[in-house]
Amino acid sequence: MIDLASWSTRTPSNLVRLVFVALLSVGLMMLDHQGERLAKIRSVLSIALYPFQAVATVPTRTGAWLIEFFRSDRAMREDYEKLRADRPLLLAKLQKYQALEAENIHFRRLLNAAERVSERALVAELLEVGPEPFTRKLVITKGGQHGVYLGQPVIDALGIMGQVTEVDPYTSRVTLITDPSHAIPVQVNRSGLRAMVFGTGQDAVAVRYLTALADIQEGDLLVSSGLGGGFPAGYPVARVRRINNDPNEAFLAIDAEPVAQIGHNKEVLLIWPDSAAKPQAKK
Amino acid sequence: MKLSNAARGRLTIVASFAAALLLAIVPGPDWAEPFRPEWVGLVLIYWCMATPQRVGVGVGWSVGLMLDVLYGSLLGQHALAKAAIAYLTVRFHTQLRMFPRWQQAASVLVLVAINHLLVLWAKALASEAPVGWSYWTPSIVSMLVWPWLFVILRDIRRRAKLA
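Residues numbered from 1 in each chain as written. Chains lettered and ligands numbered in written order. Predicted model: local features only at pLDDT ≥ 70, side-chain atom pairs only at ≥ 80, totals over all residues. Heavy atoms only, no water.

### Observations concerning the packing of aromatic side chains
Phase 1 of the analysis: Applying the stated criterion across every chain, the model contains 10 aromatic pairs over all chains.
Phase 2 of the analysis: When the ring of A:Trp65 is compared with that of A:Phe69, the centres are 5.2 Å apart and the planes differ by 20°; the resulting orientation is stacked. Placement of both A:Trp65 and A:Phe69 in helix 4 (residues 58-70) is noted, with a separation of 4 residues, approximately one turn of the helix.
Phase 3 of the analysis: Among the aromatic residues, ring-to-ring pairing joins B:Tyr46, B:Trp47, B:Trp146 and B:Phe150 into one connected group.
Phase 4 of the analysis: Just above the ring of B:Phe92 sits the side chain of B:Arg91; from NZ or CZ to the centre is 5.0 Å. (Phe/Tyr/Trp six-rings, centres within 6.5 Å; stacked < 30°, edge-to-face > 60°. Helix = DSSP H or I, 4+ residues; strand = E, 2+ residues; numbered from the N terminus. Lys NZ or Arg CZ within 6 Å of the ring centre and 35° of its normal.)

What follows is the structure in structure tokens.
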């Protein structure tokens, strides 16, 4: 057996090691921040660490399974009845929607504007793993193999949830609109005013850089404006909750509440906004 | 299966880090999110203090990188922070061992806070820093958890005959 302790004088000191890994980390962060340079390395590491994620989901999955198992027959039947009752209503609404869509396309043609076609969508299940504290990200069980691409919009039944920021072969990571690194261009539905909605790391989002003269009120619905091309236009994003006009500040402090049920979903919808562009499998 | 002492020791350390990584990503209710202790940091501090010849800057950096991958944060962000606290703990491990438990916990608070500060700086440079003071609650919760975690890990270490 070799005595490792006697070698310690020959190995680099701790401080040297720290300086080395610090420089390495800074280099990695800079490369990673620039975009997709490290995507390959991250993918490989993600796959290697997938077992951790799989094991971490066990408690929630067991819980959900137990709840499902012990739920009474009656509760389930009630659910079923409710869904059945809702179905005709939704179908009726859809009829109207289809008629409106046709009408819309017709008018747009009259105006010589580009036709907006309905989007392709894919349901993705959440992988129930906890996010880094104070960030808002999700892992979903659809990845590059299913045609998911970087920057793809993610919605739920009510509104925009966020966008894909990391694509691995079988999973991807979604940054929610509430994450501090996220911003989305919006439009006030009532007045048409354009603005940006920023994540804060808490449940609310913030509308920044609007002056006191801006035409925005409490209760206003903010919809995606489609500027920048990342998100399709017209999807609900958030509803203005509180506007604070502090005369000492250059801009209004506006709190808004996301419309999507962030944190309550088991599934999310991935959409391909431009249906002309085929989903790119593996870029 | 009969393992040599050295192999058993290594396995114990790896298993404790694996458990810490799991605890870091096990989902919990949203309201509990700010109260999650910095498990990986705590386990790292313990091993750096108890067995500085085995666990140090290199291990800290690698574990931090794994955390970066699991969290989807910028690669190197947690790695740098963990390497730094590993360095500090190894540097002061003799003092830390002599401290009474409460003083040790206070030192752990400082170390974990340094970890969070470095992560916050990295996030701020990439303009994705979270808003609000609740960012610091995990440091305090980590301090409160430390005395118990210390006892548990010490038992594990003794059972594995790790020096």
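### Some thoughts on helix 3 (residues 57-71) of chain B
All names here are of chain B.
Phase 1 of the analysis: Between its first and last C-alpha, helix 3 extends 21 Å over 15 residues, near the 21 Å set by a 1.5 Å rise per residue.
Phase 2 of the analysis: Within helix 3, 11 of the 15 residues are buried, which leaves it mostly tucked inside the rest of the structure.
Phase 3 of the analysis: Taken as a whole, helix 3 has its buried residues at Val57, Gly60, Trp61, Val63, Gly64, Leu65, Leu67, Asp68, Val69, Leu70 and Tyr71.
Phase 4 of the analysis: One or two steps after helix 3, the chain reaches Gly72, where phi turns positive at roughly 70°. (Expected span 1.5 Å × (residues − 1). Buried < 20%, exposed > 50% of the residue type's maximum accessible area, 1.4 Å probe, protein only.)

### Re the domain arrangement of chain A
Residue and element names in this part refer to chain A.
Phase 1 of the analysis: The assigned domain composition of chain A is domain 1 (2-52) and domain 2 (118-277).
Phase 2 of the analysis: With centres defined by C-alpha atoms, the gap from domain 1 to domain 2 works out at 33 Å.
Phase 3 of the analysis: Taken together, the 6 residues of domain 1 in the interface contact 7 residues of domain 2.
Phase 4 of the analysis: In total, about 460 Å² of surface goes out of reach between domain 1 and domain 2, with carbon and sulfur atoms giving 60% of it.
Phase 5 of the analysis: When residues of domain 1 are sorted by the area they lose upon contact with domain 2, Arg42, Ser43 and Tyr50 head the list and together hold 57% of the total.
Phase 6 of the analysis: With a shortest N-O distance of 3.9 Å, Arg42 and Glu166 are connected by a salt bridge.
Phase 7 of the analysis: The interface formed by domain 1 and domain 2 includes 3 residue pairs in polar contact (both at pLDDT 80 or more).
Phase 8 of the analysis: A total of 4 residues in the side of domain 1 that touches domain 2 trace back to one element, the largest contributor, which is helix 2 (residues 39-48).
Phase 9 of the analysis: Each residue belonging to the side of domain 1 that touches domain 2 can be placed in one class, and the counts come to 2 nonpolar, 2 polar and 2 charged. (Domains from an automatic or database assignment. Contact = heavy atoms within 4.5 Å. Buried area = accessible area lost by both parts, 1.4 Å probe. Salt bridge = Lys/Arg side-chain N within 4 Å of Asp/Glu carboxyl O. Polar contact = N/O pair within 3.5 Å; in protein donor to acceptor, adjacent residues only side chain to side chain. Nonpolar A, V, L, I, M, F, W, Y, C, P; charged D, E, K, R; others polar.)

### Some thoughts on the side chain of B:Gln77
Phase 1 of the analysis: Structurally, the position occupied by B:Gln77 is in helix 4 (residues 77-91).
Phase 2 of the analysis: Judged by its relative accessible area of 1%, B:Gln77 falls in the buried class.
Phase 3 of the analysis: In this view, B:Gln77 contacts A:Met29, A:Glu132, B:Asp68, B:Val119, B:Ala122, B:Lys123 and B:Glu128; residues no more than four positions away in its chain are not counted.

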